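# Notes for the structure review
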Amino acid sequence: MSTAPLPLAGVIGWPVSHSLSPRLHGHWLGRYGLPGAYLPLAVSPDDLPTAIAGLRALNFVGANITVPHKQAVIPCIDSLDPAARAIGAVNTLIIDERGAIEGRNTDAQGFLAALTAGSAGWNARSGPALVLGAGGAARSIVWALKNAGVHEVRIANRSADKAAALAEEFDAAPVDWAERDAALDGCALLVNTTTLGMDGQAQLEIALDALPTDATVMDIVYAPLETPLLSAARRRGNIAVDGLSMLLHQAVPGFSAWFGKEPQVDDALRKAVLG
Ligand code: ATR
């Protein structure tokens, strides 16, 4: 019988019960018949440093980090990958055999993978992008787009000061929230990173008329899966990419590093995660 320890990972959040990650990683562990476990770990902000030290003590191979810990975890770990450093937020921890903890940000990679997987077919040379929102999710996405080589990234946010600050930091172009319809002109990509359109939130008001019909439209909201924005986009012929796709793709690098197998994102995974 093998004496190798069972690889353990989990998701640290507060609260964490809503997280889809245990189902996601659990599905992959089962599908590939790999030894290991992935657990929901509810950790309050006060307990975060102790919990991170505990991962080391318990010989965890890593963890995902979610709201509200993505920035607070940075002082608790040993190094950051370039994406995490640039974005200033960590969603994945990789712990080596000596207990050194690297913080990565795989949201940017997951976002780009969702846009280029299967029939999505977007590429960085397709043209300008309009990003709605300027919060944490928008930071990863604007960085991802600029880093992928998108020449012109426009940012429209209800609070203009936040759009201006994000645009300044990543060499993007701020747009007035009131001008968002017109800012779609010539775009190859529209991404909603706001909470508008999410179950229980107000609707996103946007007229897509100026958006070329060969542009891709992505909504990072995944509850509901088909937001009114995505339905409106599909009705006029645009390719629509839902937020679940980004969630599934951002999980790939963590799973590979922890459990030693590059997992597939496919319909079986989507069904398993949606329950
Ligand atoms: P996340 O980390 O998921 O990006 P966040 O940092 O709370 O979450 O950001 C939420 C985004 O949704 C922000 O861009 C926010 O706009 P403000 O910066 O003006 O707050 C946007 N948002 C939330 N409710 C909104 C509303 N009713 N109208 C327009 N934008 C809204």
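Check the entry above for the structure.
Keep in mind it's a predicted model, so treat the numbers as computed, not measured.

What counts as what
Residues numbered from 1 in each chain as written. Predicted model: local features only at pLDDT ≥ 70, side-chain atom pairs only at ≥ 80, totals over all residues. Heavy atoms only, no water. Helix = DSSP H or I, 4+ residues; strand = E, 2+ residues; numbered from the N terminus. Rg over C-alpha atoms; globule rule 2.2 N^0.38 Å. Buried < 20%, exposed > 50% of the residue type's maximum accessible area, 1.4 Å probe, protein only. Contact = heavy atoms within 4.5 Å. Lys, Arg positive; Asp, Glu negative; His and termini not counted. Charge placed at Lys NZ, Arg CZ, Asp CG, Glu CD. Pairing = 2+ DSSP bridges. Phe/Tyr/Trp six-rings, centres within 6.5 Å; stacked < 30°, edge-to-face > 60°. Core = buried A, V, L, I, M, F, W, Y, C linked by side-chain atoms within 4.5 Å. Axes fitted to C-alpha atoms, helices over the stretch in contact; angles between N-to-C directions. Parallel < 35°, antiparallel > 145°, perpendicular 65-115°, else oblique. Left-handed = near helix turned anticlockwise from the far one by under 90°. Nonpolar A, V, L, I, M, F, W, Y, C, P; charged D, E, K, R; others polar. Near = heavy atom within 4 Å. Polar contact = N/O pair within 3.5 Å; in protein donor to acceptor, adjacent residues only side chain to side chain. 1 Å grid on protein atoms, 1.4 Å probe; cavity = no way out; pocket = protein on both sides within 12 Å on 5 of 7 lines; lining within 4 Å. Sits in = over half its atoms within 2 Å of the grid points.

Below, the discussion takes up the overall build of the protein. The helix and strand inventory of the protein stands at ten helices and twelve strands. In terms of overall size, the protein behaves like a compact globule, its C-alpha atoms giving a radius of gyration of 19 Å where 275 residues would be expected to give roughly 19 Å. Residue burial in the protein is summarised as follows: out of 275 residues, 51% are buried. In the protein, once contacts between residues fewer than 6 apart in sequence are set aside, the share between residues at least 24 apart is 66%. Of the side chains in the protein, 20 bear a positive and 27 a negative charge, and the two mean positions are spaced by 5 Å.

Bringing the sheet that holds strand S5 (residues 92-95) into the picture now. Taken together, the six strands give an open sheet; going across it, the order is S2-S1-S3-S5-S6-S4, and neighbouring strands pair in mixed fashion. Edge strands, defined here as strands with exactly one partner in the open sheet, are strand S2 (37-42) and strand S4 (79-80). In the sheet, strand S1 (residues 8-13) pairs with strand S3 (residues 62-65) via two bridges, with the strands oriented parallel. Bridging across to S3, Ile12 finds its partner in Ile65.

Let us look at the packing of aromatic side chains. All chains considered together, the criterion is met by four aromatic pairs. Plain terms: the ring middles of Phe255 and Phe259 are 4.9 Å apart, the flat faces sit at 50° to each other, and that makes the pair tilted. Placement of both Phe255 and Phe259 in helix H9 (residues 252-259) is noted, with a separation of four residues, approximately one turn of the helix. Side by side, Phe255 and Phe259 carry an identical accessibility label, which is buried. Pairing Trp258 with Phe259 gives two aromatic rings, centres 6.2 Å apart and planes at 85°, and the pair type is edge-to-face.

As a further point, take the nonpolar core. Residues Phe111, Ile141, Val142, Leu145, Ile155, Leu189 and Met218 are the most contacted members of the largest nonpolar core, which totals 33 residues. Looking at this core, the elements that each hand over two or more residues are helix H3 (82-87), helix H4 (107-116), strand S7 (129-132), helix H5 (136-148), strand S8 (153-157), helix H6 (160-170) and strand S10 (189-192). The element contributing the most residues to this core is H5, with six residues. Counting 20 residues, the second-largest nonpolar core is a separate cluster that includes Val61, Val252, Phe259 and Val273.

Pairing in this open sheet of six strands is parallel, and the strands run S9-S8-S7-S10-S11-S12 from one edge to the other. The sheet is open, and its two edges are formed by strand S9 (173-176) and strand S12 (239-241), each paired on a single side. Across the sheet, the mean angle from the axis of one strand to that of its neighbour is 20°, orientation sign disregarded. Pairing of S7 with S8 involves four bridges; the strand directions are parallel. Each residue of the ladder has a partner; that of Leu130, found in S8, is Arg154. Across the sheet, H6 is in contact with S8 and S9; its angle to S8 comes to roughly 155°.

Now for the packing of helix H1 (residues 21-31) against H9. At a minimum axis distance of 11 Å, the contact between H1 and H9 shows a crossing angle of 50°. Between H1 and H9, the angle is such that the two are oblique. Considering the relative orientation of H1 and H9, their crossing is right-handed. Between H1 and H9, the residues in contact are His25, Trp28 and Leu29 and Val252, Phe255, Trp258 and Phe259, respectively. Partitioned by chemical class, the residues of the contact of H1 with H9 number six nonpolar, one polar and no charged.

Within the secondary structure, Pro75 sits in the loop between S3 and S4. Residue class for Pro75 comes out exposed when judged on its relative accessible area of 72%. Considering only alpha carbons, one finds Pro75 and Pro49, 26 residues apart in sequence, at a separation of 8.6 Å.

Okay, the site of the ligand next. Around the ligand sit 13 residues, and of these Ala137, Asn157, Arg158, Ser159 and Lys162 come closest. Measuring from an oxygen atom of the ligand, one finds a backbone N or O atom of Ala134 at 3.0 Å. Measuring from an oxygen atom of the ligand, one finds a side-chain N or O atom of Ser159 at 2.5 Å. A majority-of-atoms criterion places the ligand in the largest pocket. Residue classes in the shell around the ligand are distributed as four nonpolar, seven polar and two charged.

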